[in-house]
Amino acid sequence: MAFRWKGDLKDHHVTDETLWLNRRQIIGGAAGLGLGAGLAGLAGPARAAEGLEPNSWEEITSYNNYYEFGTDKDDPKAYAGALTTNPWTVTIDGMVDRPGDYALEDILSQMTIEERIYRFRCVEAWSMVVPWNGFELADLLNMAGVQSGAKYVAFETLLRPEEMRGVAYPVLDWPYVEGLRLDEAMNPLTLLATGIYGKEIPNQNGAPLRLVVPWKYGFKSIKSIVRVTLTDSEPPTSWNKANAREYGFYSNVNPQVNHPRWSQATERPIGGGFFAKRQPTLMFNGYEDEVAAMYDGMDLSKNF
Ligand SMILES: Nc1nc2c(c(=O)[nH]1)N[C@H]1C(S)=C(S)[C@@H](COP(=O)(O)O)O[C@H]1N2
Ligand SMILES: [Mo]
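Rules of the game
- Residues numbered from 1 in each chain as written.
- Chains lettered and ligands numbered in written order.
- Predicted model: local features only at pLDDT ≥ 70, side-chain atom pairs only at ≥ 80, totals over all residues.
- Heavy atoms only, no water.
- Phe/Tyr/Trp six-rings, centres within 6.5 Å; stacked < 30°, edge-to-face > 60°.
- Buried < 20%, exposed > 50% of the residue type's maximum accessible area, 1.4 Å probe, protein only.
- Lys NZ or Arg CZ within 6 Å of the ring centre and 35° of its normal.
- Pairing = 2+ DSSP bridges.
- Helix = DSSP H or I, 4+ residues; strand = E, 2+ residues; numbered from the N terminus.
- Axes fitted to C-alpha atoms, helices over the stretch in contact; angles between N-to-C directions.
- Near = heavy atom within 4 Å.
- Areas by Shrake-Rupley, 256 points an atom, 1.4 Å probe, with all protein chains shown as cover.
- Nonpolar A, V, L, I, M, F, W, Y, C, P; charged D, E, K, R; others polar.
- Polar contact = N/O pair within 3.5 Å; in protein donor to acceptor, adjacent residues only side chain to side chain.
- Contact = heavy atoms within 4.5 Å.

*Asks:* What am I meant to see in the packing of aromatic side chains here?
*Replies:* Enumeration according to the criterion identifies twelve aromatic pairs in this entry. Summarising the aromatic geometry, the rings of tyrosine 66 and phenylalanine 69 are spaced 4.8 Å apart at their centres and angled 85° between planes, so their arrangement reads as edge-to-face. Accessibility classification places tyrosine 66 together with phenylalanine 69 in one group, the buried group. Following the ring pairs from residue to residue traces out a cluster consisting of Tyr152, Phe249, Tyr250, Phe284 and Tyr295. Residue placement shows lysine 199 over the ring face of tryptophan 57; its charged tip is 4.2 Å from the ring centre.

Put into structure tokens, the structure is as follows:
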């Protein structure tokens, strides 16, 4: 297998800048939450490359940003266990043919769960490599039937103060909201994750359903999604509302466009220790071949 169940960036810095996407079909259908048993006998990768070494389970699940549970990196692991994720309903509304409140199990029964090993780059200039399990957002949108006038997709995180100790503080304007342009949402890289390392996604990582947009800064990858709305106008996004000068709608990873308060040219790989060698940040986080065409003709320093 190209995939190794080991993550140790101390020994394996990511050097392969070529196409690395490991896209194996794992299993589809309602059994999607019980992924562990499905990992043998996978279909061959549609596109694969060596070189991306996933972080460990421990690293991925104990160094998190999920402000609904607190703003320290270890708060989500400590407090997100309070969140009830079953039953879970996702409302799909706006410009779709089949709006409604969809039970997550009904959604999963129609989706194909795959494994995707993606780079993950936070705007704070740290990074990981995560072996996600999930399905393409495009498949969910096609299930609901996107109407012709729709141009954007808006997402909303659950807001349940009795289970989310962090929302007592007005750090952000709750609920957490995010958005994508429709072509970004339909891009085959854009994933709705339900698992990590073949296990159910932990609460601190956004259970039971979180977005993963690997060429954008991590804050676009909204967690614990309860609403998906198709619209014809650019939706508000939490970090842009909090500080529009620092966080734009697009938030594509770009080593040439610095954050007003720090450089985005390099990043600190998690797992290498605090004094680990920084590594260069890649244009579109290494996914330039797959996504650059969507931004042809756009000034990326203005549309940051
Ligand atoms: N609802 C919600 N989604 C969120 C966040 C958050 O605070 N609340 N933090 C974002 C940020 S800044 C990052 S870097 C990633 C972190 O994902 P991880 O904890 O799985 O690494 O989640 C994103 N999604
Ligand atoms: Mo982030």
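*Asks:* Quick question: what am I supposed to make of the sheet that holds strand β2 (residues 89–94) here?
*Replies:* Sheets are built from strands paired through backbone hydrogen bonds, the pairs being either parallel or antiparallel. The sheet built from five strands is open, its strands ordered β3-β2-β11-β6-β7 with mixed pairing. Here the strands that pair on one side only, and so sit at the sheet edges, are β3 (100–103) and β7 (177–181). Across this sheet, the average inter-strand angle for adjacent strands is 20°, counted without regard to direction.

*Asks:* What's the story with the site of ligand 1 in this structure? I'm lost.
*Replies:* The local shell around ligand 1 holds 17 residues, among which Asn64, Tyr67, Glu68, Arg210 and Lys223 are the closest. Taking 530 Å² as the accessible area of ligand 1 by itself, protein coverage stands at 97%. Residues that form the shell around ligand 1 fall into these classes: eight nonpolar, six polar and three charged.

*Asks:* Before we go on, may I ask you to explain the pairing of strand β12 (residues 266–269) in this structure?
*Replies:* Two faces make up the sheet, and in a regular strand the side chains alternate between them. Going residue by residue along β12, you find Glu267 and Pro269 tucked away on one face and Thr266 and Arg268 left uncovered on the opposite face. Of the pairings in the sheet, the one linking strand β5 (residues 126–136) to β12 comprises two bridges and is parallel in character. Bridge pairing in β12 places tryptophan 126 opposite arginine 268. Strand direction decides the pairing type here: β12 and strand β13 (residues 279–280), joined by two bridges, are antiparallel. Note that in β13 the partner of glutamate 267 across the bridge is glutamine 279.

*Asks:* How do you make sense of the environment of threonine 190 when you look at a structure like this?
*Replies:* In this fold, threonine 190 is placed in the loop between α5 (182–186) and β8 (191–196). A relative accessible area of 0% means that threonine 190 is categorised as buried. As for threonine 190 and leucine 211, which are separated by 21 residues in sequence, their C-alpha atoms are 7.5 Å apart. Side-chain polar atoms of threonine 190 contact the backbone oxygen of glutamate 184, separated by 2.7 Å.

*Asks:* I tried to follow the environment of alanine 185 on my own but got confused; where do I start?
*Replies:* Tracing the chain through its elements places alanine 185 in helix α5. Separated by 28 residues in the primary sequence, alanine 185 and valine 213 place their C-alpha atoms 8.6 Å from one another. If we ignore the near neighbours within four places in the chain, the residues touching alanine 185 are Leu137, Ala138, Leu141, Val153, Leu180 and Thr190.

Don't take any of this as a statement about function, it's just geometry.
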